[in-house]
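Secondary and tertiary structure notes
Read off the chains here:
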Amino acid sequence: MKILLVYPEFPDTFWSFKHALKFISKKATHPPLGLLTIASMLPEEWNKKLIDLNVRPLRDTDFAGIDFVFLSAMSVQSKSVISVIKRCKEHKIRIVAGGPFFTAGYIDHNEIDYLVLNEAEITLPQFLNDLETGNPKHIYSTAEFADLNSTPIPSWNLIRLKDYSSMSVQFSRGCPYNCDFCDVTNLFGRKFRTKSTSKIIEELNALYKRGWRGNVFFVDDNFIGNKKKLKLEVLPEIIEWQKAMKYPFTFNTQASINLSDDDELLQLMVDAGFNAVFVGIETTNEESLKECKKTQNQRREILHNVKKIQKAGMEVQAGFILGFDNDPPNIFDRMVDFIQQSGIVTAMVGLLNAPKGTKLYERLVNENRIVKNFSGNNTDVSTNLIPKLGLDKLIDGYKRVVSEIYSPKYYYERVKKFLKEFKPQYKINFSISNYLKNSEYLAALMKSIVIIGIKSKARIHFWRLFFWSLFRKPKLLPLMITFSIYGYHFQRVFENLSNLHH
């Protein structure tokens, strides 16, 4: 068999970092971990080629002699998915599709030859067996959840690692919480499943042996779902591995806010090399948290929790949502104030949407408040529901929030606030000398001086913070440059916001 694995393109979104990647001469942020893992599940003797459309376009010559195209995607990639399907049909190539986009919306994609849904560790072998006997079915699905220790190491040989700014590893699936707007539990269940510690070390070794040095993203929806295992086994082993290998990796991940309740876990994560964590804050309005059943965020001093994680040595990135039924009219001002006070540099603010399969979707269908499918893009000024606040008021308030927090003045104020309070503890320090030895980072510095420091609207704020960092926090100057590049990307993403219509 000759197989082409295709990963569709992401639009220019908050998390695409397209405008930031140019500074470090990278083509994409993360590799397609799902497809790379699928490739390892296919028979070894099959000829496999992977094309990530975020790295390079799909050419007609790529289809020559191909037996199947394997396609996986998230909903935000839907436009590119449709284009890929069309190309496959033109070339009369059979498609095998799976992943979150097709698992949630397979009913809309009858044109796909074979839908291998849910967890591929279970459904893919069934498809391969039927294919071998010459009788493959149209749809393969399961209500069971896989043992993650059966998941093979991704086929890293199918990509050029240097095209990406970060690699990815998965430790767990599932989430112990049940927020009503989130489809994670619908896809992966509430039972928290993990890989063994030895499996994680094996995966880190695989990346190390391929020559990767730099950031590794633990893609888990909630990394701390099993705190006991992390504290007793996983993190101590990663710490020892990092020491033995002379700290080749930094890590980031996603976790719930109750990470701040556990001093031991915080310290172990920092010692292991975690320097950033994404937290779903959603809102500081208690009634809205109750409405969406975000129990882990209720009755807490969220600002204090954020500061505690940052003071421990990890940057907090966070998600926020506008459009809950219980949002008060002043929610927009309250959100801007919180984000500025918190020093959360990377603050993703989106409108409430109801993905299919969520409790929120079911409730709003019953209330006749669903108007279209969810786009999957958290920051494209669209919602698939009728908000109680009123659509025009919600959209206008949303535009005002993101315009303010990503205006150069507000953004650089926030970066300065974060840098003032941040005390990195990781073994690889952020020193300027280390930065200048790395050609990639040096190029990023030069480009940032020209593009941001000379040509952009943010140049005054850039130079003020540059010299403040240079004299007050010199070890954090590289981080300041990184945040300036992030800011440039966010400002580009949001600059055309006023022209977008819902």
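Residues numbered from 1 in each chain as written. Predicted model: local features only at pLDDT ≥ 70, side-chain atom pairs only at ≥ 80, totals over all residues. Heavy atoms only, no water.

1. Some remarks on the nonpolar core
Counting 123 residues, the largest nonpolar core has Phe70, Phe127, Leu259, Phe320, Leu322 and Val349 as the members making the most contacts within it. Element by element, the count of residues in this core is highest for helix α19 (residues 477-494), at ten residues. Aside from chain neighbours lying at most four places away, what touches Leu259 is Ile224, Leu265, Leu266, Met269, Val277, Ile309 and Met314. Counting residues in hydrophobic clusters, the runner-up holds 22 residues, among them Phe63, Val69, Phe102 and Leu117. (Core = buried A, V, L, I, M, F, W, Y, C linked by side-chain atoms within 4.5 Å. Buried < 20%, exposed > 50% of the residue type's maximum accessible area, 1.4 Å probe, protein only. Helix = DSSP H or I, 4+ residues; strand = E, 2+ residues; numbered from the N terminus. Contact = heavy atoms within 4.5 Å.)

2. Describing the sheet that holds strand β4 (residues 94-98)
Either a parallel or an antiparallel arrangement is found when strands of a sheet pair, and the pairing is made through backbone hydrogen bonds. Within the open sheet, the six strands sit side by side as β2-β1-β3-β4-β5-β6. Their pairing is parallel. Each end of this open sheet is capped by a strand with a single partner; those strands are β2 (47-52) and β6 (139-140). Summarising the sheet, strand β3 (residues 68-72) and β4 pair through five bridges and their orientation is parallel. Bridging from a neighbouring strand, Leu71 pairs with Ala97 of β4. In this fold helix α3 (residues 78-90) packs onto β1 (2-7), β3 and β4, with an angle of close to 170 degrees to the strand it touches most, β3. (Pairing = 2+ DSSP bridges. Axes fitted to C-alpha atoms, helices over the stretch in contact; angles between N-to-C directions.)

3. Regarding the packing of aromatic side chains
What the rule picks out here adds up to 39 aromatic pairs. For the pair Phe218 and Phe274, a centre-to-centre distance of 5.6 Å together with 35 degrees between the ring planes defines the contact as tilted. Separated by 56 residues along the polypeptide, Phe218 in strand β10 (residues 214-218) and Phe274 in strand β12 (residues 274-282) bring together distant segments of the chain. Judged by its relative accessible area of 1%, Phe274 is buried. Between Phe466 and Phe467 the ring centres are 5.4 Å apart and the planes differ by 85 degrees, which places this aromatic pair in the edge-to-face class. Residue classification places Phe467 among the partly exposed residues on the basis of a relative accessible area of 42%. Seen from the ring of Tyr208, Arg213 lies directly overhead, with NZ or CZ sitting 3.7 Å from the centre. (Phe/Tyr/Trp six-rings, centres within 6.5 Å; stacked < 30°, edge-to-face > 60°. Lys NZ or Arg CZ within 6 Å of the ring centre and 35° of its normal.)

4. Description of the environment of Ser375
Structurally, Ser375 is set in the loop between α13 (359-366) and α14 (391-405). Classification of Ser375 as partly exposed rests on a relative accessible area of 25%. Along the backbone, Ser375 and Asn135 are 240 residues apart, and their C-alpha atoms lie at a distance of 35 Å. Look past the residues within four positions of Ser375 in its chain and what remains in contact with it is Ser75, Val76, Asp380 and Ser382.

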